[in-house]
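# Secondary and tertiary structure notes
Each chain, written out:
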Amino acid sequence: MPAEDFVSPDLIRARFSAAMSLMYKQEVPLYGTLLALVSEVNRQVMAMRPEVAEALRWTGEVERLDQERHGAIRVGTAAELATIGRLFAVMGMQPVGYYDLSSAGVPVHSTAFRPVHEQALHISPFRVFTSLLRLELIDDPDLRELARSILDKRQIFTPRALQLIEQSEQEGGLNDADAQAFVDEALHTFRWHHEATVTAQEYQQLHDQHRLIADVVAFKGPHINHLTPRTLDIDAIQLGMPAHGIPPKAVIEGPPTRRHPILLRQTSFKALQESIAFRDTQGSHTARFGEIEQRGAALTPKGRLLYDQLLDATRDVLGGVPAESNADRYMSLLAETFRAFPDDLRQMREQGLAYFRYFPTEKGLAAKEQPETLEGLIEAGHVHFEALVYEDFLPVSAAGIFQSNLGDDGQAEYGSNANREAFEQALGMVVQDELALYAESEKRSIEACIIALNRLEQ
Ligand code: OOG
Ligand code: NI
């Protein structure tokens, strides 16, 4: 088949993301409420804060904001992870970053599947945070064996999905009808199942070891456990949630409120109690929750180091992890500590704390003479810059999200067990370095400015 008949992976992802959102709205009605709240708050921000609206217009984020989602799944075996990687590749998503959650008491390690090029992100900014259960961290050998044998028996992909993945790999893409079939078939992997594959007693055994182990092992597939929209004002969301009957977690994860947001701020509401048919009897399980996020500037290694230091310093002063009881104190300590992180784009740029995108201005395009350096172009008003948005996740925040849904008392100890090589081996691919991706994106925008400005000079 000629390549021009293939649907682009970006459009397959856009279709899949829309289908996933529709499915999740039907499965979890509260998600629909959350979407309405987020779009109302975003509309207000766009109307009341023209400087925010203008920045989003420069970067094009204004067009992608409504589509923007991330989901999360947890798989049980290396084979499942590898096939998930191939499935996401059909829709132009690649593994980016390695996250070790074991140090936070969650027996998984993870990556984020996402588009890597700014143009692809613009078409469909859809990501899936994907965790692999680490059975090797379970210390009870009998239970480890039980989990392994249950997982080995399940097939989380439909036969047709597997066939279409293979076809896409061999032929280099999918035509319209196959792409549609692929979206429909792939969606099955992410569905919720009311029936467990284990007895109530087996579920309890797995659950007693760690609630997350039961969530991964006891079901037919890796149900999507949340689907997160992006807001422009997470403080407004946090305040507005109770009035909509959605109780938020105690603190917003990530950096404090800023004029120029950095990285990622997230809040969530507690998992739902869902009724489950175990093989022998009826019971319940909590897995799915709601999450909202606000995204800001991607930080350079220097900026990230400063962020990590300030976050650690805040937690040291707090004397523990933030929870219900110390939430107010934590949020005010956080704001105080982060005064050391300049809240000004010019300073952030001059100090090399964040990545940026550069755009030729009207003035620059009309000018006959161009200064020779980027600094000169900015100085002359020929080039405008905006922060490059963070497209990834934060391990401390992710741990906080996991924890708030496992209950603050559900802490387990696994020590620090980062093992990126083992994860990549299971995945069958290396995970990409997010910092390199931001640096490349920044560089492309500078090159595009130079081309646009010099072309008009002749
Ligand atoms: C994933 C939690 C991490 C985020 O936004 O940091 C995450 C999970 O609970 O499976 O989604
Ligand atoms: Ni999330």
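Residues numbered from 1 in each chain as written. Chains lettered and ligands numbered in written order. Predicted model: local features only at pLDDT ≥ 70, side-chain atom pairs only at ≥ 80, totals over all residues. Heavy atoms only, no water.

Put simply, the rule reads: UniProt positions are given in the numbering used here, feature names are shortened, and annotations may be inferred rather than shown by experiment.
The name recorded for the protein in an unreviewed UniProt entry is 2-oxoadipate dioxygenase/decarboxylase, from Pseudomonas putida. Check the Sequence similarities (unreviewed entry) section of the UniProt entry for the protein; it says "Belongs to the 2-oxoadipate dioxygenase/decarboxylase family." Reading the Cofactor (unreviewed entry) entry of the UniProt record for the protein gives the comment "Fe(2+)".

### Quick word on the side chain of T158
As a reminder, the rule being used: Helix and strand labels come from DSSP, where a helix needs a run of H or I of at least four residues and a strand needs a run of E of at least two; each type is numbered from the N terminus. For the exposure calls, accessible area comes from a 1.4 Å probe over protein chains only, and a residue counts as buried if that area is under 20% of its type's maximum, exposed if over 50%, partly exposed in between. Pairs of N or O atoms are called polar contacts if they sit within 3.5 Å, as long as, within protein, a hydrogen donor faces a hydrogen acceptor (for residues adjacent in sequence, only side-chain-to-side-chain pairs). Contacts are residue-level and defined by heavy atoms, with any inter-residue pair within 4.5 Å sufficient.
Within the fold, T158 resides in the loop between helix 7 (141-153) and helix 8 (159-171). According to the relative accessible area criterion, T158 is buried, its value standing at 18%. Of note is the side chain of T158, whose polar atom sits 3.0 Å from the backbone nitrogen of A161. Looking at T158, its side chain comes within polar contact range of the side chain of E185, at 2.5 Å. Dropping the residues within four chain positions of it, T158 is found in contact with E185 and H188.

### Side note on the sheet that holds strand 1 (residues 69-75)
Quick reminder of the rule: Note on pairing: DSSP must find at least two bridges between two strands before they are called paired. To obtain an axis, a line is fitted to C-alpha atoms, over the contacting stretch when the element is a helix, and the angle between two such axes runs from 0 to 180 degrees between their N-to-C directions.
The five strands are arranged 2-3-4-1-5 in an open sheet whose pairing can be described as mixed. Only two strands of the sheet have a single neighbouring strand rather than two, namely strand 2 (94-100) and strand 5 (226-229). This sheet shows a mean twist of 20° between the axes of neighbouring strands, independent of strand direction. This element, helix 19 (residues 420-427), spans strand 2, strand 3 (108-114) and strand 4 (126-133) of the sheet and lies at about 55° to strand 3.

### Some words on the nonpolar core
Within soluble globular proteins, side chains that are nonpolar tend to cluster in buried spots. Test applied: Throughout, nonpolar core names a set of buried Ala, Val, Leu, Ile, Met, Phe, Trp, Tyr and Cys residues whose side chains join them through atoms within 4.5 Å.
Ranked by size, the top nonpolar core spans 70 residues in total, and within it L101, V217 and F341 carry the most contacts. Those residues in contact with F341, other than ones at most four positions away along the chain, are R258, I262, L299, G303, L306, Y307, L310, M348 and L353. The next biggest cluster of nonpolar side chains, apart from the first, holds 42 residues, and it includes I12, A19, A186 and L227.

### A look at the site of ligand 1
Note the threshold: Only heavy atoms are used to decide nearness, and a residue is near a molecule or strand if one of them lies within 4 Å of it. Surface accessibility follows the Shrake-Rupley procedure with a 1.4 Å probe radius. Residue values consider only the protein chains on display as shielding. Using a 1 Å grid laid over the protein atoms alone, points where a 1.4 Å probe fits but cannot get out form a cavity; open sets with protein on both sides within 12 Å along at least 5 of 7 lines form a pocket; any residue with an atom within 4 Å of a point counts as lining. Each molecule is checked against the cavity or pocket grid, and it sits inside if more than half of its atoms lie within 2 Å of the grid points. Gly falls in the polar group here, along with every residue not listed as nonpolar (Ala, Val, Leu, Ile, Met, Phe, Trp, Tyr, Cys, Pro) or charged (Asp, Glu, Lys, Arg).
With respect to spatial proximity, the complete set of residues near ligand 1 consists of H70, A72, R74, F129, N225, H226, Q266, F289, E291, F393, A398 and F402. R74 is positioned such that a nitrogen or oxygen atom in its side chain is 2.7 Å from an oxygen atom of ligand 1. For ligand 1, an oxygen atom lies 3.1 Å from a polar atom in the side chain of E291. In isolation ligand 1 exposes 320 Å². Once the protein is present, 100% of that is buried. When atom positions are compared with the pocket grids, ligand 1 is found to occupy the largest cavity. Counting only elements with at least two residues in the shell around ligand 1, the list comes to strand 1 and helix 18 (395-406). Considering every element that reaches the shell around ligand 1, the biggest residue donor is strand 1, with three residues. Here the shell around ligand 1 is built from residues that sort into six nonpolar, four polar and two charged.

### Regarding the environment of D233
Mapped onto the elements, D233 comes out in the loop between strand 5 and helix 12 (234-240). Overall, the relative accessible area of 24% leaves D233 in the partly exposed class. A sequence separation of 191 residues divides D233 from N42, and the C-alpha atoms of the two residues are 7.2 Å apart. For D233, the contacting residues outside a window of four places in its chain are V41, V45 and Q294.

### As for the environment of N405
Relative to the assigned elements, N405 resides in helix 18. With 207 residues separating them along the chain, N405 and V198 place their C-alpha atoms 22 Å apart.

### Observations regarding the side chain of E68
Checked against the element boundaries, E68 lands in the loop between helix 4 (61-64) and strand 1. Given the relative accessible area of 0%, E68 is considered buried. Within the structure, E68 has its side chain in polar contact with the side chain of R127 (distance 3.2 Å). A polar atom in the side chain of E68 sits 3.1 Å from the side chain of R230.

### Some remarks on the coordination of the nickel ion (ligand 2)
Here is the rule we go by: The rule for donors is simple: N, O or S, within 2.8 Å of the metal, or within 3.2 Å if the metal is Na, K or Ca. Water isn't counted, so a site may look like it is missing partners.
Each protein donor to the nickel ion (ligand 2) is listed here as H70 (NE2), H226 (NE2) and E291 (OE); together their distances run 2.1 Å. Mapping the donors of the nickel ion (ligand 2) onto the primary sequence yields the spacing H-x155-H-x64-E. Residue H70 is found in strand 1, and its partner E291 is found in strand 9 (residues 290-295); the two are separated by 221 residues along the sequence. In this structure, H70 and E291 share a single accessibility class: buried.

### Some remarks on the packing of aromatic side chains
Test applied: A pair of aromatic rings is counted whenever rings of Phe, Tyr or Trp (Trp by its six-membered ring) have centres within 6.5 Å, and the orientation is called stacked for planes under 30 degrees apart, edge-to-face for over 60 and tilted otherwise. Geometrically, a charge over a ring is one whose NZ (Lys) or CZ (Arg) sits within 6 Å of the ring centre while staying within 35 degrees of the ring normal.
Per the counting criterion, the structure on display carries 17 aromatic pairs. Between Y99 and F393 the ring centres are 6.5 Å apart and the planes differ by 80°, which places this aromatic pair in the edge-to-face class. Of the two residues, Y99 sits in strand 2 while F393 sits in the loop between strand 11 (383-387) and helix 18, which places them 294 residues apart along the sequence. For Y99, a relative accessible area of 3% puts it in the buried group. Aromatic ring contacts, followed pair by pair, group F16, F88, F113, F126 and F190 into a single cluster. Over the ring of F393 we find R295; its NZ or CZ atom is 5.4 Å from the centre of that ring.

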